[in-house]
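Coordinate inspection notes
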Protein chains: 2
Amino acid sequence: MEGDSALQLRIFDLNCWGIRYLSKRRQERVELIGDTLRREGFDLVLLQEVWSEQDYNNLKGKLGGCYPFCHYFRSGVIGSGLCIFSKFPILDTLLYQYSLNGYPYMIQHGDWFCGKSVGLVIIKISGIIFNVYVTHLHAEYCREKDAYLPHRLVQAWELAQFIRHTSKAADVVLLGGDLNMHPEDVGIRLLRGRTGLQDAFAEATHFEGCEDGCTLIPKNCFTDKAELLPFPLGVRIDYILYKAISSFTVTCKELKTTRGTAPGTDIPFSDHEAVMAMLHIKRQGQAARDTLGTAEPMMADVVTEAQTEVGVGLQAAQRQRYSTGRMAVLALLLLLVQATAALGTLVGLGTEQPFPKLSFSLLAFAAIGILLLATGLHLFHTTEVKMLQGTEEQMRMALRALQERP
Amino acid sequence: MEGDSALQLRIFDLNCWGIRYLSKRRQERVELIGDTLRREGFDLVLLQEVWSEQDYNNLKGKLGGCYPFCHYFRSGVIGSGLCIFSKFPILDTLLYQYSLNGYPYMIQHGDWFCGKSVGLVIIKISGIIFNVYVTHLHAEYCREKDAYLPHRLVQAWELAQFIRHTSKAADVVLLGGDLNMHPEDVGIRLLRGRTGLQDAFAEATHFEGCEDGCTLIPKNCFTDKAELLPFPLGVRIDYILYKAISSFTVTCKELKTTRGTAPGTDIPFSDHEAVMAMLHIKRQGQAARDTLGTAEPMMADVVTEAQTEVGVGLQAAQRQRYSTGRMAVLALLLLLVQATAALGTLVGLGTEQPFPKLSFSLLAFAAIGILLLATGLHLFHTTEVKMLQGTEEQMRMALRALQERP
């Protein structure tokens, strides 16, 4: 990149919906994704929900020629599902696992088991240091009564903090992923305000794709139509965000999404649409000020709004911690009563009636089961309370800093 | 800090041994620590094992006058136990929880419940940006047969990676904490080699304290004498490490440790000795090269050694994953056999003998218990395998980078 010439970077982002045994036509779609990526030759590919390591290895094998560098981020029971393919050497990587990510007992939602995380890879292209982040936040299963909102906000906050702290030596920051938040949601405003990241869709000179840039659309044959009823056009929850930190400028020349099917075929890549951006990176004479995207008085409002939601989550977690603790204590008391009764029988009290061995044993087992389960849940909700309190305090500290600034 | 004058910074580091109900004379010792800190007026205080938030709040109340800025890092069920008191404003914080930290079923060791982490606070003093890290790694319960070595190595690796990635805009990096590793251990060499951090004890112009700088000594009335039998002088596992990144130099003018009792009293602060350093920070004409502490061929050996140990841990974790999975399958089979027998009785087979309700129910409950327990453990060890594999791969990548350099 000499003189006025800009570095051109083509980025592909997709939530691949690659759940083994559950996602429809998975292997066929992974093949299709691999073929398209090989044909199109992007510079950077950011994928989510590649939960089968076999799928990753297949992609790696297929893409080795045109994307010689790649990284798979391992975490949680199932894995983070995050991976990156790159034309340029990956210099270093780091994984940050979000401290809260749903509940282990919500097995039908499964988010907890994925160990949702943000992955960072550092790439140098033509002497420019790129910090590339890929992430996937907790899903939203019911927008009207979103029980996971506090957890998603903690994740958005931790994502912003992680980017702020790790990107200080970068020239350009890129973030791609399924954020599971609509563009106007408080979590997106928090993330963008705290990091100064710009939305490729909003900034693109030229756009081609679904109306409003939606990435979850009723037209896609794999999406849940009932879920999208309130949104006839669909929703935009997959993003490519960027910013320049040092003496560079980044502009989005073109943004595209798929429109319900993969180009030239009749099946989609996934239940999500792919987002493809073409960025121009240009060196400029003087160092760009690392501006925050949102003016500070507005930012204070956003942090306050997020803090309120985290506070609501904290109250719920405290109630759960209390009720599971009480349940454990009750189970323990029942066991103690049973132990007393058993001892009484042993020393010869109440021998006029036969001892009800079967119902006694069943009750004891039930009590032990409840005790173990309630204790486990109590410990889980204790951790949840701690993390929500920690985030609330960090937000309070950020608010103080925002208010103290002249 | 003008011209040639150096900034002088006094740092206090202590593992406080503040386990509620278990640590001896805890409240008395916390009082003593608070009084000493107030009297001595350090610039920075890095504490570990402050597990009771009440203790932290007491310290905060007492120290508010001389250390107006402080932060408590919340994580895990019990908490990370980490906190920082500072004379200078804390600009920002970040917590990174280690991905592996022992086993939940090793309740007697308890490390898993603490959510061991590294905490970062950013402080600006006289225009110099300090990244201050405080951490506490997994304890070593048996040096001869250290089952936790792979986990501690993963933590040392993640600590190094976290420092590398978050400290790029800092002028000076400080790390204090109980690393639970002897100075020559592979984890310390890995951490120091990867980050370039220098050991305040080794670099100190003047030292005063326990021989060899030991921080766990037989003379301390709270230490386990049997554990220290192979080490008559004690062991050094608490550290203050530092480095300058940009155009600064850091020198350790003085390092002190307590010697089994708190100064002027007859009881110790804790079962660990406190480490106190006086650092001089000086601006120098040209930017210091961010040197890694260890020459690269040597560093490759250190990474290889660490990778081997992580590999040993990986094999053990894979065995555990397999045996817990097998146990779960066997319990499930037993339940199926029982269900078949019960069904057989219901349809009238084998009615010549009375159905053994009690033993049948007990067996079924035992099978359900084993199934749940084995499944939980299987999921846990699956995560463990993933994280060990992830670290091994990162180490491999680092090795390749070391070997490829000219």
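Remember, predicted model here, so these are calculated numbers, not experimental data. (Residues numbered from 1 in each chain as written. Chains lettered and ligands numbered in written order. Predicted model: local features only at pLDDT ≥ 70, side-chain atom pairs only at ≥ 80, totals over all residues. Heavy atoms only, no water.)

With that settled, consider the UniProt feature "domain: Endonuclease/exonuclease/phosphatase" (unreviewed entry) in chain A. Feature annotation in UniProt places "domain: Endonuclease/exonuclease/phosphatase" (unreviewed entry) on residues 15–272 of chain A, given in this structure's numbering. Taken end to end, residues 15–272 of chain A is 24% helix and 29% strand, and its two terminal C-alpha atoms sit 6 Å from one another. (UniProt positions renumbered as here; feature names shortened; annotations may be inferred. Helix = DSSP H or I, 4+ residues; strand = E, 2+ residues; numbered from the N terminus.)

The next thing to look at is the sheet that holds strand β4 (residues 82–86) of chain B. Residue and element names in this part refer to chain B. Reading across the sheet, the seven strands line up as β3-β4-β2-β1-β13-β12-β10 and stay open at both edges, with mixed pairing between neighbours. Whereas interior strands pair on both sides, the edge strands pair on one side only; in this sheet they are β3 (69–73) and β10 (206–208). Taking the axes of each pair of neighbouring strands and ignoring which way they run, one obtains an average angle of 20° across the sheet. (Pairing = 2+ DSSP bridges. Axes fitted to C-alpha atoms, helices over the stretch in contact; angles between N-to-C directions.)

Here the focus is the packing of helix α1 (residues 26–40) of chain A against helix α2 (residues 53–63) of chain A. Residue and element names in this part refer to chain A. Contact geometry for α1 and α2: axes closest at 10 Å, N-to-C directions at 30°. If you check the angle between α1 and α2, you find them roughly parallel. In the crossing of α1 with α2, the sense of the turn from one axis to the other is right-handed. Within the contact between the two elements, α1 uses Arg26, Val30, Glu31, Gly34, Asp35, Leu37 and Arg38 and α2 uses Asp55, Leu59, Lys62 and Leu63. (Parallel < 35°, antiparallel > 145°, perpendicular 65-115°, else oblique. Left-handed = near helix turned anticlockwise from the far one by under 90°. Contact = heavy atoms within 4.5 Å.)

When chain A is brought onto chain B, the operation consists of a screw motion whose angular component is 180° and whose axial shift is 0.0 Å, with 0.0 Å RMSD remaining. The two molecules are tied by a two-fold rotation axis, judged by turn and shift. A shared binding surface is used by both copies, with 100% of the interface residues of chain A retained as interface residues in chain B. (Least-squares fit on C-alpha atoms with pLDDT ≥ 70 in both.)

Here the focus is the interface of chain A and chain B. With 41 residues of chain A in contact, the opposing surface of chain B contributes 41 residues. Across the chain A/chain B interface, buried area totals approximately 3800 Å², and carbon plus sulfur atoms make up 63% of it. On the chain A side of the contact with chain B, Arg74(A), His165(A) and Lys386(A) bury the most area, a combined 18% of that side's loss. Applying the counting criterion to the chain A and chain B interface returns four salt bridges. Note that Arg164(B) and Asp92(A) form a salt bridge whose closest N and O atoms lie 3.0 Å from each other. At the level of elements, β5 (90–97), β6 (117–125), α4 (149–166) and α8 (357–404) of chain A are the ones that each hand at least two residues to the side of chain A that touches chain B. In terms of residue count, α8(A) provides more of the side of chain A that touches chain B than any other element does, 16 residues in total. Here the residues of the side of chain A that touches chain B sort into 18 nonpolar, 14 polar and nine charged. (Buried area = accessible area lost by both parts, 1.4 Å probe. Salt bridge = Lys/Arg side-chain N within 4 Å of Asp/Glu carboxyl O. Nonpolar A, V, L, I, M, F, W, Y, C, P; charged D, E, K, R; others polar.)

On to the confidence of the model for chain A, then. Averaged over every residue, the pLDDT of chain A is 91; residues scoring 70 or more account for 95%. For this predicted complex, the interface confidence comes out at an ipTM of 0.89, alongside a pTM of 0.92. (pLDDT = per-residue confidence, 0-100.)

A separate point is the packing of aromatic side chains. Per the counting criterion, the structure on display carries 30 aromatic pairs over all chains. Considering the side-chain rings of Tyr96(A) and Tyr96(B), the 5.8 Å spacing of their centres and the 65° angle between planes classify their relative orientation as edge-to-face. You can see Tyr96(A) sitting in strand β5 and its partner Tyr96(B) sitting in strand β5 (residues 90–97), one on each of two chains. As far as the burial class goes, Tyr96(A) and Tyr96(B) line up, both buried. (Phe/Tyr/Trp six-rings, centres within 6.5 Å; stacked < 30°, edge-to-face > 60°. Buried < 20%, exposed > 50% of the residue type's maximum accessible area, 1.4 Å probe, protein only.)

This part takes up the pattern of salt bridges. By the definition in use, this model includes 32 salt bridges over all chains. With its nearest N and O atoms 2.7 Å apart, the salt bridge here joins Arg143(A) to Asp185(A). Of this pair, Arg143(A) sits in the loop between β7 (128–136) and α4 while Asp185(A) is found in the loop between β8 (172–178) and α5 (186–195), placing the two residues 42 residues apart along the sequence. A residue is classified by how much of its surface remains accessible, and Arg143(A), at 29% relative accessible area, is partly exposed. Note that Arg143(B) and Glu140(B) form a salt bridge whose closest N and O atoms lie 2.9 Å from each other. Where salt bridges share partners, they join Glu31(A), Asp35(A), Arg38(A) and Lys62(A) into one cluster.

Time to look at the domain arrangement of chain A. Note: interface size is frequently given as the accessible area lost on complex formation between the parts. Residue and element names in this part refer to chain A. Each assigned domain of chain A is listed here: domain 1 (9–283) and domain 2 (295–343 + 355–404). For domain 1 versus domain 2, the distance between C-alpha centres works out to 32 Å. Every contact between the two is made by 19 residues of domain 1 and, on the other side, 19 residues of domain 2. Counting each side, the surface lost to burial between domain 1 and domain 2 is near 1600 Å², with a carbon and sulfur contribution of 75%. A per-residue breakdown of the area domain 1 buries against domain 2 is headed by Leu100, Tyr105 and Trp157, which together make up 29% of the total. Our count for the contact surface shared by domain 1 and domain 2 stands at one salt bridge. The shortest N-O distance in the salt bridge between glutamate 305 and arginine 189 comes to 3.1 Å. The interface formed by domain 1 and domain 2 includes six residue pairs in polar contact (both at pLDDT 80 or more). (Domains from an automatic or database assignment. Polar contact = N/O pair within 3.5 Å; in protein donor to acceptor, adjacent residues only side chain to side chain.)

Residue and element names in this part refer to chain A. The contact between α4 and α8 brings their axes to 11 Å, and the two run at 50°. Comparing the axis directions of α4 and α8 gives the class oblique. Crossing of α4 against α8: the hand is left-handed. The residues of α8 that touch α4, namely those facing Pro150, His151, Val154, Trp157 and Gln161, are Glu384, Leu388, Thr391, Gln394, Met395 and Ala398.

Here, UniProt's "transmembrane region" (unreviewed entry) annotation points to residues 328–348 and 360–380 of chain A. Counted over residues 360–380 of chain A, helix gives 100% and strand 0%. Its end C-alpha atoms are 30 Å apart.

Here we take up the environment of Ala317(B). Residue and element names in this part refer to chain B. Summarising the element assignment, alanine 317 is placed in helix α7 (residues 296–346). The class of alanine 317 is buried, set by a relative accessible area of 1%. Linking alanine 317 and glutamate 384, residues 67 residues apart in sequence, is a C-alpha distance of 6.6 Å. When near neighbours in sequence (up to four residues on either side) are disregarded, alanine 317 contacts His381, Glu384, Val385 and Leu388.

This brings us to the side chain of Arg152(A). Residue and element names in this part refer to chain A. With respect to the helices and strands, arginine 152 occurs in helix α4. A distance of 2.9 Å separates a polar atom in the side chain of arginine 152 from a polar atom in the side chain of aspartate 146. Apart from residues no more than four positions distant in its own chain, arginine 152 is found in contact with Leu137, His138, Ala139, Glu140, Asp146, Leu179, Asn180 and Met181.

Moving on to the environment of Pro218(A). Residues and elements named next belong to chain A. Residue position: proline 218 is located in the loop between β10 (206–208) and β11 (238–244). Taking C-alpha positions, proline 218 is 63 Å from phenylalanine 355, a pair spaced 137 residues apart along the chain. With sequence-adjacent residues up to four places away left out, proline 218 is seen in contact with Thr223, Lys225, Leu228, Phe231, Pro232, Leu233 and Gly234.

Before going further, it helps to spend a moment on helix α2 (residues 53–63) of chain B. When we look at burial in α2(B), the residues that qualify are Asp55(B), Tyr56(B), Leu59(B), Lys62(B) and Leu63(B). Each buried residue of α2(B) lies within a common arc of 130° when the element is viewed along its axis, so the set occupies one face. (Arc of directions from axis to C-beta.)

All names here are of chain A. Residue position: alanine 331 is located in helix α7 (residues 296–346). The class for alanine 331 is buried, based on a relative accessible area of 5%. In the structure, alanine 331 is positioned 50 residues away from isoleucine 281 in sequence and 63 Å away in space, judged by C-alpha atoms. Leaving out residues up to four positions away in the same chain, alanine 331 has contacts with Ala367, Ile370 and Leu371.

Below, the discussion takes up the sheet that holds β7(A). All names here are of chain A. Strand order in the open sheet formed by six strands is β5-β6-β7-β8-β11-β9, and the pairing between neighbours is mixed. Each end of this open sheet is capped by a strand with a single partner; those strands are β5 and β9 (198–199). With seven bridges connecting them, β8 and β11 associate as antiparallel partners. Bridge pairing in β11 links leucine 174 to tyrosine 242. Those strands touched by α4 are β5, β6, β7 and β8, and its axis lies near 165° from that of β7. Packed onto the sheet, α5 meets β8, β9 and β11 and runs at close to 15° relative to β11.

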